[in-house]
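Chain and residue survey
Residue strings, one per chain:
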Amino acid sequence: MRHISLVQLYKDNREKLMLSWLLGEDNDRRIEIKESNNYGADVVGHINIIHPERLQVMGKAEYDWAYRIGERRFGQMLNDLLAAQPPAVIVADGLSPPEMLTEGCTRTNTPLLLTPKHCSGVIDLLRIYLSARLADTVSLHGVFMDVFGMGVLITGDSGVGKSELALELISRGHGLVADDVVEMGRIAPTTIEGRCPGMLRDFLEVRGLGLLNIRTIFGETASRRKMKLKLIVHLQKTANQGDAPRLPLDAQTQEVLGIPIRKVVIPVAAGRNLAVLLEAAVRNTILQLRGIDSMQDFMERQQRMMLDEDA
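The model shown is predicted, which means the values in this text are computed figures rather than measured ones.

**With respect to the pairing of strand β14 (residues 226-237)**
Regular strands show a simple pattern: their side chains alternate between the two faces of the sheet. Sheet topology note: the strand β9 (residues 150-156)/β14 ladder contains six bridges and is parallel. Among the inter-strand pairings, L153 is bridged to a residue of β14, identified as I232. Across three bridges, the pairing between strand β11 (residues 191-195) and β14 is antiparallel. Following the sheet pairing, R195 is matched in β14 by K226. Where β14 lies against strand β16 (residues 259-268), seven bridges are found, and the strand directions are parallel. Looking at the pairing, I232 lines up with K263 of β16.

**Points about the packing of aromatic side chains**
All told, the structure shown has three aromatic pairs when counted by the stated rule. Taking 6.5 Å as the distance between ring centres and 85 degrees as the angle between the ring planes, the aromatic pair formed by W65 and F74 counts as edge-to-face. The exposure class of F74 is buried, given its relative accessible area of 5%.

**A short note on the side chain of T110**
Within the secondary structure, T110 is located in the loop between α4 (99-108) and β7 (112-114). Looking at T110, the relative accessible area reads 0%, which means it is buried. Only 2.7 Å separates the side chain of T110 from the side chain of T108, close enough to count as a polar contact. Look past the residues within four positions of T110 in its chain and what remains in contact with it is L23, R29, L82, P86, A88, V89 and C105.

**A closer look at the environment of K16**
As for its placement among the helices and strands, K16 is situated in helix α1 (residues 6-17). For K16, a relative accessible area of 54% gives the class exposed.

**Things to note about the pairing of strand β5 (residues 55-58)**
Burial of the side chains of β5 extends over both faces: L55 and V57 are buried on one face and Q56 and M58 on the other. Here three bridges tie strand β4 (residues 44-46) to β5, and the two strands are oriented parallel to one another. Of the residues in β5, the one forming a bridge with G45 is Q56. With three bridges connecting them, β5 and strand β6 (residues 89-91) associate as parallel partners. What sits directly across from Q56, in β6, is V89.

**Side note on the nonpolar core**
The biggest cluster of nonpolar side chains holds 27 residues, and the ones touching the most others in it are M145, I154 and L235. With five residues, helix α6 (residues 162-171) is the largest single contributor of residues to this core. Those residues in contact with L235, other than ones at most four positions away along the chain, are I154, T155, G156, D157, V160, G161, K162, L165, I266, V268 and L274. I33, V43, L55 and L134 belong to the second-largest nonpolar core, a separate cluster that totals 24 residues.

**Focus on the environment of L277**
Turning to its location among the elements, L277 is positioned in helix α8 (residues 274-289). Classification of L277 as partly exposed rests on a relative accessible area of 30%. When the C-alpha positions of L277 and I266 are compared, they lie 7.8 Å apart, and in sequence the two are 11 residues distant. If sequence neighbours within four positions are ignored, L277 has contacts with I266 and R272.

The rules behind each value
- Residues numbered from 1 in each chain as written.
- Predicted model: local features only at pLDDT ≥ 70, side-chain atom pairs only at ≥ 80, totals over all residues.
- Heavy atoms only, no water.
- Pairing = 2+ DSSP bridges.
- Helix = DSSP H or I, 4+ residues; strand = E, 2+ residues; numbered from the N terminus.
- Phe/Tyr/Trp six-rings, centres within 6.5 Å; stacked < 30°, edge-to-face > 60°.
- Buried < 20%, exposed > 50% of the residue type's maximum accessible area, 1.4 Å probe, protein only.
- Polar contact = N/O pair within 3.5 Å; in protein donor to acceptor, adjacent residues only side chain to side chain.
- Contact = heavy atoms within 4.5 Å.
- Core = buried A, V, L, I, M, F, W, Y, C linked by side-chain atoms within 4.5 Å.

This is a description of form; function is not addressed.
Given below as structure tokens:
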């Protein structure tokens, strides 16, 4: 079960959303995800009695609807909602909370917060925030890079040259997200986001040189806070380069938090320019994501030539 306290959410978003605490500040309720297939977007939304476990947000539309259905019906709905103990109610759009809502929150000690921000904007920002804070997470060993705008995790055995490759990529204009320890979180059903632990941010360890502050050496553009994981490049030591398959026919993937991620294995041998090979792998992956598969095109061309010869 993943959760975050309401007080923490308030502290982290107070300035962005201009939040103010009206009632229930002493009742620090938890916002939590109880099922493994749920995400941060599932725990915040417009006032909804069907999902009382959500952080309830009331805006102009809900305000007008409450007055339209009448005090009696709104009171019944509100009593049922507050009896289920939602984490909090946020009144947005700079509105004053209805008297019935204030009385209900006081009676049930339900936290009530106010914000002048637009209701939809409040929900969108909190969904992004909660998706990151409540995501399934795992720590992976490797170097996480931004290469041509794509999140690439470089993996391999210790001493294979991951950091040296990362340093060369940075010198070619690409960006470092994390070295050694990468925190991966599943922020959506098919999206993995990687970031660096705060202690290691901007640092890259290179054998013989020690710790390098990439932001200081190469400038602000050499460092990234986070990226979405799209490709895993595994560096594989090989005694004989001829042992590696020349034309891998099957696309490889590796599961991260239950999501298959594209994977490329690059044999490491003397004389190979790994930076160029990795850039080519990223470019090829971008083409594949756009529906252009070079290997498939080649196989189809070969089949057409064989058919023409038979004819």
